[in-house]
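The residues making up each chain are set out below.
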Amino acid sequence: MDTVIEPIQAISLKDACITRLEHMILSGELKIGERLPSERDFAARLNVSRPVLHQALVDLEAKGLVQIVPRRGVFISDYRRDGSLAMLSTLLSYHNGALAPEFNQSMLEMRLLVETETARLAAQNRTPAQLEEFKALLAAEKQAIHADPQTLTDIDFTFHHNVALASGNMVYPLILNSFKDVYTNLTGIFFNQYYQSKIVEEVHEFHCKLVDDFERQESDSAIQTMIEMLKHGEGYLQGGSQ
C-alpha cells in the first residue's frame, strides 16, 4: 500500500485552553470588561493546570483578547480596539472557516487599499528578474486554468505576493503573509465557485494585463488594472458580475 497517511496530531493542553477561551470570548459567554476569576480557580474550572492557563492567557493577550493587569487580574478586552493581526485566524477558526460578511467586506476593502499601492510601486520598481518570474508564473497559470480550486488559489496568492515583493517595499509582502490564511480563504471561495467557468480565464487575463503594465512601467495603468481585477472578484463573490 503506497498511500501516505498523515499521523494524527494531538492538540496540546495549552492550545485546547486557548481555543476554549477564544470561543467563550467571541460567543459573548465572557463579556468585554469582565474580570476573570483567579488563575487558580479558573484553572480548576477549566480542568487544566495553572501554568497551562497562564500560558494561554499570555497568548490571548498578544492577540488582544485579554488584558493582564498586575495585582488586579485578567480582563476581557474589546478585540476590535485591541486586537492584532493574529485575531483574523482566530475569527476564521471561530466561524468554521468562513468569516462573517462584515469581515469579508473589510478584507476586500483592505485588499483594494494595499494592492493598488503594491501595483503602483511594482510598475516603478520591478527588476528584470522579477519580470521574468511573473511571466513564468503566467505560463504556469495558463496551464492550470482548468485545475482544481486549491491549485488556482495557491497560484493566485503567489501572484499577488510577487506583486508585493516587486514593489520594493519590505513591509507589504509581510502584510500579505500575515493575512495569508484569511486571504486564501476568501479567494478559495471564489475559485471553488467559478473554477470551471470562463471567469477564471478572465482572472488570468487581468494578471497578463498587469504584468504588461509592469513591463512598460506604467504605474497609472497598473493601479487601474488592479482596481478592475479586485472589483471583478468582489462582484462575483457577492453573487453578481461587473
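Since this is a predicted model, take the numbers as computed values, not measurements.

Draft legend 1. Region of the structure containing the overall build of the chain. Of the regular secondary structure elements, the chain holds 12 helices and 2 strands. Counting from the amino terminus, helix and strand elements in the chain follow one another as α-α-α-β-β-α-α-α-α-α-α-α-α-α. Within the chain, the proportion of its 242 residues that are buried is 44%. For the chain, the accessible area works out to roughly 13,400 Å², and carbon and sulfur atoms hold 52% of it. Between the mean site of the 22 positive side-chain charges and the mean site of the 33 negative ones, the chain shows a separation of 10 Å.

Draft legend 2. A look at the pairing of strand β2 (residues 73-76). In this structure, strand β1 (residues 66-69) lies alongside β2, joined through 4 bridges in antiparallel fashion. Looking across to β2, one finds that Gln-67 is bridged to Phe-75. Hairpin connection between β1 and β2: a loop of 3 residues separates the two successive antiparallel strands, and Arg-71 in this loop has a positive phi of roughly 65°.

Draft legend 3. Representation of the pattern of salt bridges within the structure. One pass over the full model with this rule turns up 15 salt bridges. Residue Glu-215 is joined to Lys-135 by a salt bridge in which the shortest nitrogen-to-oxygen separation is 2.9 Å. Here Lys-135 lies in helix α7 (residues 128-143) and Glu-215 lies in helix α11 (residues 198-216), a separation of 80 residues in the sequence. By relative accessible area, Lys-135 is classed as partly exposed at 32%. Where Lys-209 meets Asp-213, a salt bridge forms, and the shortest distance between an N and an O atom there is 3.0 Å. Of the two residues, Lys-209 and Asp-213 are both situated in helix α11; the distance of 4 residues between them amounts to about one turn of the helix. On the basis of relative accessible area, Lys-209 is assigned to the partly exposed category, the value being 34%. Three or more residues are tied together by salt bridges with common partners; here these are Lys-209, Asp-212, Asp-213, Arg-216 and Glu-218.

Draft legend 4. Seen up close, the nonpolar core. Formed by 22 residues in total, the largest nonpolar core has its most connected members in Cys-17, Leu-21, Leu-36, Leu-53, Leu-57, Leu-60 and Val-66. Sorting the residues of this core by element identifies α1 (13-26), α2 (39-46), α3 (50-63), β2 and α5 (86-94) as the ones contributing at least two each. If you tally residues by element for this core, the top one is α1, at 6 residues. In this view, Leu-60 contacts Ile-18, Leu-21, Glu-22, Leu-65 and Val-66; residues no more than four positions away in its chain are not counted. Grouped together as the second largest cluster of nonpolar side chains are 20 residues, Ala-119, Ala-123, Ala-222 and Met-229 included.

Draft legend 5. Structural context of the packing of aromatic side chains. A full pass over the atoms with the stated rule returns 6 aromatic pairs. Seen from their ring centres, Tyr-194 and Tyr-236 are 5.2 Å apart, and the 65° between their planes marks the pair as edge-to-face. Remark: Tyr-236 occurs in helix α12 (residues 219-237) and Tyr-194 occurs in helix α10 (residues 180-194); sequence separation between them is 42 residues. The pair formed by Tyr-194 and Tyr-236 is uniform in burial state, with each residue classed as buried. Pairwise contacts between aromatic rings join Phe-190, Phe-191, Tyr-194 and Tyr-236 into one cluster.

Conventions used here
- Residues numbered from 1 in each chain as written.
- Predicted model: local features only at pLDDT ≥ 70, side-chain atom pairs only at ≥ 80, totals over all residues.
- Heavy atoms only, no water.
- Helix = DSSP H or I, 4+ residues; strand = E, 2+ residues; numbered from the N terminus.
- Buried < 20%, exposed > 50% of the residue type's maximum accessible area, 1.4 Å probe, protein only.
- Areas by Shrake-Rupley, 256 points an atom, 1.4 Å probe, with all protein chains shown as cover.
- Lys, Arg positive; Asp, Glu negative; His and termini not counted.
- Charge placed at Lys NZ, Arg CZ, Asp CG, Glu CD.
- Pairing = 2+ DSSP bridges.
- Salt bridge = Lys/Arg side-chain N within 4 Å of Asp/Glu carboxyl O.
- Core = buried A, V, L, I, M, F, W, Y, C linked by side-chain atoms within 4.5 Å.
- Contact = heavy atoms within 4.5 Å.
- Phe/Tyr/Trp six-rings, centres within 6.5 Å; stacked < 30°, edge-to-face > 60°.

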